[in-house]
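Understanding the architecture of this molecule
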Amino acid sequence: MIYRTLGRTELSVSILGFGASPLGHEFGAINETEGIRAVQLAIEKGINYFDVSPYYGRTMAEERLGAALDGKRQQIVLASKTGRYDKDQFDFSAERVVTSLEESLKRLRTDYLDVFQAHDIEFGNKAQIIGETVPTLIKMKEQGKVRFVGVTGYQLNPLRDLAENTDIDMVLSYCRYNLMDTALDRVLMPALRRRGIGLVNASPLHMRLLTARGAPDWHPAPEAVLEAGRRATDWCNRQGADISELALQFALDYASAATTLVGMGKVSHVERNVKAVGIKPDAELLRGVQEIIKPVADTCWTSDCPENNDPEAVPARV
Ligand code: NAD
């Protein structure tokens, strides 16, 4: 495993991080025992960053991760979230941040989080996130209940605003640095660098679009993006290559991200993904895929919160 430091925190994190949303069946049902074994194998392989949220499986993923970490909590960096509880259920109030943390700690069977994040901030009111939510996260940090705080989201402009106007330690951005979209590097990264804020890059497989199985029904990308992803996957197949492997190598090679989170609920995925660590993407294969994706490269979609969308966002599919 290779490790990088997360911004100005002293956290040394594995460049491949464990995304726990599949433990909550976000990509379809998984076998619970296998999900727990996947967590344990990841720790054996040197993965030390684990990301979860009360939202994933509506608390199921936190419960399962808590069970899987039994006796191993001290070996890992544990990140969870607050503010999002269902597809359309958000509460970024100070009061809910405090109760949400207590509930997460209980489910995760621990008395502290390493990283505590406001989840999907573009769905909240910006003034509240800046004036109430983040200050409450920081209060939790001062009380020693969490070590570092941050925010997560898809739209890059709101994340950049938060980075510029609050004292967060890290930002989790998803689906914005991968084979389909690298806008993160231009829009968000300069502000993070300037402020010494750590970057967690999530969804290098573009939420399963860049896999043989293809995107889940709920994937919000416009049809043209999904179609380009499918064509790139088929083309890789014809070259005898696995697009997931290439996509992961590409993301892991981005040195500005302290860790890249891949959603894993299967032992075989942990085994495969660990093999991508330290391997550069094949230049010819990468060129071929980028050529296919070029017409839709960096196409981002809207979130259901008009005032917080990136200016160039196009309507989401669902
Ligand atoms: P992803 O791009 O990591 O794709 C995950 C999917 O790919 C899962 O269905 C998984 O089973 C499958 N997969 C994993 N490895 C594979 C392989 N080698 N071959 C084929 N399929 C494979 O998307 P993601 O799970 O959404 O993102 C990773 C993690 O980042 C999440 O689990 C979550 O922890 C975090 N995340 C956070 C936010 C947020 O805070 N707003 C949003 C998205 C993701």
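Residues numbered from 1 in each chain as written. Predicted model: local features only at pLDDT ≥ 70, side-chain atom pairs only at ≥ 80, totals over all residues. Heavy atoms only, no water.

Turning our attention to the sheet that holds strand 9 (residues 146-153). Ordered by their spatial adjacency, eight strands build a closed barrel running 3-4-5-8-9-10-11-12, and the pairing between neighbours is parallel. Averaged over all pairs of adjacent strands, the angle between strand axes in this sheet comes to 30 degrees, irrespective of strand direction. Sheet topology places strand 10 (residues 170-174) next to strand 11 (residues 198-202); five bridges connect them, and they run parallel. For S173, the partnering residue across the bridge sits in strand 11 and is N201. The sheet strands contacting helix 9 (residues 243-252) are strand 3 (16-19), strand 11 and strand 12 (259-263), and the helix crosses strand 12 at an angle near 155 degrees. (Pairing = 2+ DSSP bridges. Helix = DSSP H or I, 4+ residues; strand = E, 2+ residues; numbered from the N terminus. Axes fitted to C-alpha atoms, helices over the stretch in contact; angles between N-to-C directions. Contact = heavy atoms within 4.5 Å.)

With that settled, the discussion passes to the pairing of strand 11. In terms of burial, strand 11 is largely enclosed, as five of its five residues are buried. Here three bridges tie strand 11 to strand 12, and the two strands are oriented parallel to one another. Looking across to strand 12, one finds that V200 is bridged to T259. (Buried < 20%, exposed > 50% of the residue type's maximum accessible area, 1.4 Å probe, protein only.)

Right, let's talk about the side chain of T110 for a bit. Looking at the secondary structure, you find T110 in the loop between helix 3 (94-108) and strand 8 (113-118). Given a relative accessible area of 14%, T110 falls into the buried group. Residues in contact with T110, not counting those within four places in the same chain, are R73, L78 and L105.

The two faces of strand 3 match: L16 and F18 on one face and G17 and G19 on the other face are all buried. Looking at chain direction, strand 3 and strand 12 are connected through four bridges and run parallel. For F18, the partnering residue across the bridge sits in strand 12 and is V262. As judged from the two bridges shared by strand 3 and strand 4 (residues 49-51), these two strands associate in the parallel manner.

Where like charges cluster on the molecular surface, the positive patch consists of K45, R213, K266, R272 and K275. Mapped onto the fold, R213 is located in the loop between strand 11 and helix 8 (223-238). The class for R213 is exposed, based on a relative accessible area of 61%. (Patch = residues over 30% accessible without salt bridge, like charges linked within 9 Å, V, L, I, M, F, W, Y side chains within 5 Å. Areas by Shrake-Rupley, 256 points an atom, 1.4 Å probe, with all protein chains shown as cover. Salt bridge = Lys/Arg side-chain N within 4 Å of Asp/Glu carboxyl O. Lys, Arg positive; Asp, Glu negative; His and termini not counted. Charge placed at Lys NZ, Arg CZ, Asp CG, Glu CD.)

Applying the stated criterion across every chain, the model contains 25 salt bridges. Where D86 meets R58, a salt bridge forms, and the shortest distance between an N and an O atom there is 2.9 Å. Here the residue D86 occupies a position in strand 6 (residues 84-86), and R58 occupies one in the loop between strand 4 and helix 2 (60-68), the gap between them amounting to 28 residues. Residue D86 is classed as partly exposed on the basis of its relative accessible area, which comes to 30%. Where K294 meets E291, a salt bridge forms, and the shortest distance between an N and an O atom there is 3.7 Å. A single network of salt bridges, built from pairs that share partners, joins E10, R73, D114 and R147.

A few words on the state of the cysteines. Such a bond, covalent and formed between the sulfur atoms of two cysteines, is termed a disulfide. Scanning all chains against the criterion turns up zero disulfides. Here C300 stays unpaired: no disulfide links it, and the sulfur of C175, its closest cysteine neighbor, is 11 Å away. Under the relative-accessibility criterion, C300 is labelled buried at 1%. For the unlinked cysteine C305, the closest cysteine sulfur is that of C300, found at 12 Å. On the basis of relative accessibility, which here comes to 5%, the residue C305 falls in the buried class. (Disulfide = S-S within 2.5 Å.)

Neighbouring residues of the ligand: 28 residues in total, closest S21, D51, D120, G263 and N273. A distance of 2.9 Å separates an oxygen atom of the ligand from a polar backbone atom of L205. Contacts to the ligand include R272, whose side-chain N or O atom sits 2.9 Å from a nitrogen atom. Its residues assigned to classes, the shell around the ligand comprises 12 nonpolar, 11 polar and five charged. (Near = heavy atom within 4 Å. Polar contact = N/O pair within 3.5 Å; in protein donor to acceptor, adjacent residues only side chain to side chain. Nonpolar A, V, L, I, M, F, W, Y, C, P; charged D, E, K, R; others polar.)

The subject of this paragraph is helix 1 (residues 32-44). Look at helix 1: 19 Å from first C-alpha to last across 13 residues, which is about the 18 Å you get at 1.5 Å a residue. Three or more residues of helix 1 are buried, namely G35, I36, A38, V39, L41, A42 and I43. Turning to helix 1, the residues buried within the fold contact strand 3, strand 4, helix 2 and helix 10 (267-274). The N-cap of helix 1, judged by a side-chain oxygen 3.0 Å from the amide nitrogen of T33 a few residues on, is N31. Downstream of helix 1 by one or two residues, G46 has phi in the positive range, about 100 degrees. (Expected span 1.5 Å × (residues − 1).)

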